[in-house]
Structure formats: structure tokens, C-alpha cells
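Structural overview for review
As a plain string of letters, each chain reads:
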Amino acid sequence: MDFRLSSEHEMIRKMVYDFAQKEVAPSITEWDQKQDMAPHILPKMAEQGLLGICIPVKYGGQGMDYISLGLASEELEFVDTSLRVVLSVHTGLCCLTLLQWGTEEQKAEFLPRIASGELIGGGAFSEPGAGSDFAAIQMTARRDGDDFILNGEKMWISLATKADMAVVTTRSLLDAEKPHEGLTCFLVDLHSKGVTTGDIHGKLGVRAGSTGWIAMQDVRVPARNMIGEEGEGFKITMSAFDNGRYTVAAGATGLIRAALEASVKYASERETFGRPIKEHQLVQAKIARMHLNYEIARLLYLKAGWKKNEGIRNTLETSRAKQFATNASFDAASEAVQIHGGYGYSDEYPVERFLRNSKGAVIYEGSNEIQTLIQAGYALGTRRDRSLRCELPAYDEALWLEE
Amino acid sequence: MNIVVCVKQTVDTAAVISVEGGMVSWGDTPLVLNPWDEFAVEEGLRIREAHGGTVTALTVGKESAQEALRSALAMGADEALLIKDDGLSGADSLVISAVLAGAVQKLGDVDLVLFGREAVDSNAGVLSAQVARRLHWPSLPLVACISALDPASKSLDVERMLDQGRQHVRASLPAVISVVKEINEPRYASFIGIRKASRVDIPVWGVDDLGVPVPDPGVAWLTVENAPQQDVACEFIEAPDEVAAARALVARLREEKVL
């Protein structure tokens, strides 16, 4: 078993690190304070090829594997969560859902423009009244000839006001025997008549990002934009979460590392009782815990990424990785603030931003309570993975690089 | 244009350097492509894009120096070459310049050799001039701009960045230049470049392959020691505004007889 990253992976990691340090780090505090997304972020990420990093070349992507997606997520969130969120929703929720569940016609028509970043993609799933209880969503899709008419509202949607297209889950079969069997996904053009969007301000964290709502009033969507089959929406959404969640896990790992490095730096400079505080054992204990948790989080998400590469179902591994890394990142950020003392309580240092950002990930993309239930199901044998009609394709380098 | 970019694998400038057992140590911090060399690689790529040709990244070092070459390939260099020889361990720039000049001659038909202004570990900045001298080519250090380049007439106009200002110089090709950071903005590695760089087999030459005499080093490292620890007292100048702070600082410097 070789735990080393390949030369290719190391170079990708370095490139994304350099990109984030140069393009975002210098102004991230300013944009976080403005509670707005810097306008150059999405075009720059598109130009660098990050938005389609693990999508096959013939569909407009860069042809890298799923581990590359994880590594990029880690390096982006090392600078700020808002950057990783772009990969989570554009690549994880939108592109990979199309790759997994789209027909060949849909992939050929939509993926090249989305994976290249010409269009920005998103995922619109949760609603004001339905988050963890996803089967309770209310947005409807009513068949009308060759179209469906969508009505309802989605909330807490990343890139709501920036995305051009979104995978949207609706309720199209009102008389389904079980609520979750009545759901259907569509790829929706967010510039369609009847779509309105808005930003949510006043969030605790991820303030340099874009989070908002999408309302649909009699939005006409061609039936050929249905993703998967009618009634498959719940399975497709859960599959989407397996990919979005993976990037959240990898990103939170980067946040642990950011908190760790900030803490080591500050503890080396700050002196109390005549010596640097890094020499005090209670400070050492905090740093040691961050150091250990970083390694654990990293191993967990890399294993999930490996399983994706192998084409092996990874719901359990992704759940573990997401839950562990996000809990650990919240802990690391909190301890980083503590190590910084009074300065940690101000925005003079980045650790307060890390703490505010870290709390969101414990809640979104499947709350960590839901992750506990998922893992309990596997552990107790009450949850078993059944084959999906469409599985996330295993990484095949030759196929991914085919023009 | 056949362009050779001489690069070096150096320590990351963020590394903590110490001396352990008489040897310089940087802990686990990874080695990187010398940051100044990224500007040289970028300039080589831009010249190739404007005039055609090839960019070859060249280095002297251990096996691990291949990573610096791969970084250059990932940026877009076409070829890479490692000169590796046990006899070069601890070599100074007199030796390295002879090796690099020999490699350039052996490659043949080279129009331009590029260097970054200096390596961040030695900060000597003399290698480009030494290589130029050995090749009997014009030496143009500290170039901030290539204002004109005509491969057909083998002519090169550059602006050199000096303390006194900018110097405009015309030289004939082939030439050796070192570049400063004002010359360009290095591109990031591309995914295509990364893929190519990770797969390519980089040729390795020994000193004997060059067919040129290599001198003995002129510099010998006798001992290496940690810099002496210094106790630094820091006094913060408190003042209501910058003007008052400046006045207070001047007063303190006069008290300490610095001014």
C-alpha cells in the first residue's frame, strides 16, 4: 500500500495552493467584511481549469481524477471556505450529477459549457421548510406537454445569484406511495422566465461567498432536461450529496491545516511568562490535537476519493470523512482563536474567520447529526447500499483524456 | 528560437534554516523551483509563443532536482535536462558555470540562455555572467524587459534594472540574460503541463557526457555554523498619529546616537 501522493497530485496541489494564495488570499479579509464574492473568482477559477478538474476532457473538463478534486478542495479552503464552496456546488453537485445520471445527449449538450466554466452550475435542493428531511420538499413540477412547470422556492443555495444552470429536485409525482418516491430532478436554466434569485446576508460565516435563495413561479423546463427518470430524484440527490460532501470533507481538512499553521506561527511569536507560548504544555496539547486531526481527516477523504476512482460506492466513507473533518475543523478553529487570545477575538488575525466559516460545514451538506444516523445504519446493518441504476463512473485515465 | 532556461532546486523561503551536525538543514520543508527562475521560465515561454522554437529547462543537481525541472515542464517548457554527477557535490559557481556552459554547447544551436536573477539560497547572482563568459556570449544581467527581439537578424534589445534607473542595451544573439521580477507575471502550471511533467522521463547527463574540462572549485566550505543568537529588545513608539510618531522616533534615534 503506497500512501504517497503521485507526482501529478503533488503538482496539482501546489498549483492550486499558489493560485489561491495569489488570487484570493491578499483580499479575502476585505471581501469577507463586505459580505460579497469578489467578481474575479469565478472567471479566474474557470480560466485555470479548476471548475472541471475531474470531468472528462471530451465533456470540457481537465481529465483529472477524483482525488485531484479533493486535493484542490483542501488547498482552496486553506485560504477560504468560499472558494471550496464553488467546487462543491459547480463541480460536485452539478457537473458530477450530470456525469453520473445524465444521458449521453445531456452530457454532450450541457457538460462542456458547464465544466469549462462558460456557464456556472449549482445544485438547488434544500427549501425553507425542508433540509434534513429532504423528502418533505415542496417545489412542484407539473407536466405540460413537452415541458414541466416548476413552482416553489429553494433556500440556502450556494451561488444562487451566480449560477446559470442548476440541478433542481422537485416533487412531480404527487400521489407517490412514499414521499421520497415522488421526487424528480431537472437541469434548470436559471435565466428562464419566472426564476428570481437573491443573496442571503448576515450569515455567520462564508461571507466572501454567495449563498441565497431561488424562487420559481411557473418556470417552464423542457422535459428533455429531466435528469434520470421521473421518481428517481431522491436517489439522484443523495448521489449528488456523496460528491458535494466529499469536497466539504476535503475542504474542512484544509481549514484544519490553516488553523494549525496560524496557531503554530502565533505561538512561536507570542511570549508569556518570559517564553514563547508554544513552550507551554496546554498550548502544545491544542496544537497536537489539530496536528493529529489533520492527518486523520486527510486519510479519510483520500480513502473516499480512492473509492470514487475505483468506482466503488463510498456513501459511508464520504459520510465519515465529512463528519470527522468538519467537527475537527470547528474544534481546530475554536482552539486557534483561544491560542490567539484577545487577538483571536478580532479580525486582525484570520482565525475568527476560520471559526465562523467552520460552523457552516457542520450544518450543511447533510448535518453531522444526519451523518451519525447514516453511519449507525451501516454499523447496525439496517442500511445497505443497493446498486444504483447509474453509478458514478470509475476514473479511467484513457477515457477521461479522450478528446 | 531555441531557448535554454537554467533553473535550480532550492529551499522554500518559508523554511526554517538551521545547522545540525555541521550541515545546513531545512527540516521536512519541501524543495521548490527557485522562485526567481519562474520568471525566467515564463519569459522563455513568452518568447517561444511569439517566435516559435523550444524551451529546455536545464539544471545541475541530485536526482531530486528533477522536481524543479518538472515544475518548469508543468509551466509549459518543452524539454528538460538534468546534469548529475557525484563529483559535483559541493561545487561552487566556477564549477557549475563550466558545467552549464558545456551542456549548452552540447545541446547546440541555442539562441538564448535565461536565468533568474539569483538563487534564494546562495543569493550570489553571478552564474549568468560566468556562463556567458565561458560561452563568449553577451551577458545581460538584471533584465526587466525585452523590448525587441529579432531572430532573423539575431538582435536583442533589453532594459536592465539598475539602482540608477533603467539601462537600454542592444546585443546580438546568442546571449545569456538574467531576469528580474519586473519582467513578467509567471503563469501557473496547467493541468496539461502537470500531466506531461509527471510522466516524462527526464534525460540525465554526467560531466563526462559534456566533453568539456571542469575546473576545481575556487571556494571551499570550511565550517557552517548557526548565526549567533541575538537578544532583541523592541520598543514601541506610542503616538496619536503618524507625524507625532515620526517625531518621537527621530528623537529616540538621536538619544541613541544613531542619528
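Computed from a predicted model, the values in this text were never measured in an experiment.

**Describing the domain arrangement of chain B**
Assigned domains within chain B: domain 1 (2-209) and domain 2 (229-259). Averaged C-alpha coordinates put domain 1 of chain B and domain 2 of chain B at centres separated by 43 Å.

**Description of the interface of chain B and chain A**
Between chain B and chain A, the residue contacts involve 10 residues of the former and 12 residues of the latter. Per element, the largest residue contribution to the side of chain B that touches chain A is 5 residues, and it comes from helix H5 (residues 191-199) of chain B. Classifying every residue of the side of chain B that touches chain A gives 6 nonpolar, 2 polar and 2 charged.

**Let's talk about the sheet that holds strand S6 (residues 54-60) of chain B**
The pairing of strands in a sheet happens through backbone hydrogen bonds and is either parallel or antiparallel. All names here are of chain B. Spatial strand order, S11-S10-S9-S12-S8-S1-S6-S7-S13: 9 strands in an open sheet with mixed pairing. With partners counted over all chains shown, the strands left at the sheet margins are strand S11 (165-172) and strand S13 (204-205), one partner each. Across 5 bridges, the pairing between S6 and strand S7 (residues 79-83) is parallel. Bridging from a neighbouring strand, Leu58 pairs with Leu81 of S7. Packed onto the sheet, helix H3 (residues 93-107) meets strand S1 (2-6), S6, S7, strand S8 (112-116) and S13 and runs at close to 150° relative to S6.

**Description of helix H5 (residues 81-101) of chain A**
All names here are of chain A. Spanning 21 residues, H5 covers 28 Å between terminal C-alpha atoms, matching the ideal 30 Å at 1.5 Å per step. Largest kink in H5: about 25°, centred on Cys95. The element H5 is extensively covered by neighbouring structure, given that 21 of its 21 residues are classed as buried.

**Some details on the pairing of strand S10 (residues 155-162) of chain B**
All names here are of chain B. As paired strands, strand S9 (residues 139-150) and S10 are joined by 6 bridges and run antiparallel to one another. Within S10, the residue paired with Ile146 across the bridge is Val158. The turn linking S9 back onto S10 is made up of 4 residues, and Lys154 within it adopts a positive phi angle of 55°. Note that S10 and S11 share 8 bridges and pair antiparallel. Of the residues in S11, the one forming a bridge with Arg160 is Gln167.

**Observations regarding the pairing of strand S7 (residues 211-222) of chain A**
Residues and elements named next belong to chain A. Where strand S3 (residues 147-158) lies against S7, 10 bridges are found, and the strand directions are antiparallel. Paired with Ile157 across the bridge in S7 is Gly212. Of the pairings in the sheet, the one linking strand S6 (residues 195-199) to S7 comprises 5 bridges and is antiparallel in character. Bridge assignment links Thr196 to a residue of S7, and that residue is Ala215.

**What to know about the packing of helix H9 (residues 315-340) of chain A against helix H11 (residues 368-380) of chain A**
Residue and element names in this part refer to chain A. Two numbers describe how H9 lies on H11: the axes approach to 9 Å, and their chain directions differ by 140°. Looking at the two axes, H9 sits oblique to H11. For the element pair H9 and H11, the recorded crossing hand is left-handed. Along its contact with H9, which presents Leu316, Ser319, Arg320, Lys322, Gln323, Thr326 and Asn327, the element H11 presents Asn368, Gln371, Ile374, Gln375 and Tyr378. Of the residues in the contact of H9 with H11, the class split is 3 nonpolar, 7 polar and 2 charged.

**A closer look at the domain arrangement of chain A**
Note: interface size is frequently given as the accessible area lost on complex formation between the parts. Residues and elements named next belong to chain A. Along its sequence, chain A is carved into domain 1 (7-120), domain 2 (122-231) and domain 3 (235-401). With centres defined by C-alpha atoms, the gap from domain 1 to domain 2 works out at 22 Å. The interface of domain 1 with domain 2 comprises 24 residues on the first partner and 20 residues on the second. At the level of secondary structure, the elements contributing two or more residues to the side of domain 1 that touches domain 2 comprise helix H2 (28-34), H5 and helix H6 (104-115). For the side of domain 1 that touches domain 2, the leading source of residues is H5, giving 11 residues. Considering only residue class, the side of domain 1 that touches domain 2 consists of 15 nonpolar, 7 polar and 2 charged.

Here is what the cut-offs are and how they apply
Residues numbered from 1 in each chain as written. Chains lettered and ligands numbered in written order. Predicted model: local features only at pLDDT ≥ 70, side-chain atom pairs only at ≥ 80, totals over all residues. Domains from an automatic or database assignment. Contact = placed C-beta atoms within 7 Å. Helix = DSSP H or I, 4+ residues; strand = E, 2+ residues; numbered from the N terminus. Nonpolar A, V, L, I, M, F, W, Y, C, P; charged D, E, K, R; others polar. Pairing = 2+ DSSP bridges. Axes fitted to C-alpha atoms, helices over the stretch in contact; angles between N-to-C directions. Expected span 1.5 Å × (residues − 1). Bend = angle between axes of the 7 residues up to and from the residue. Buried ≥ 20, exposed ≤ 12 C-beta atoms within 10 Å, placed from the backbone. Parallel < 35°, antiparallel > 145°, perpendicular 65-115°, else oblique. Left-handed = near helix turned anticlockwise from the far one by under 90°.

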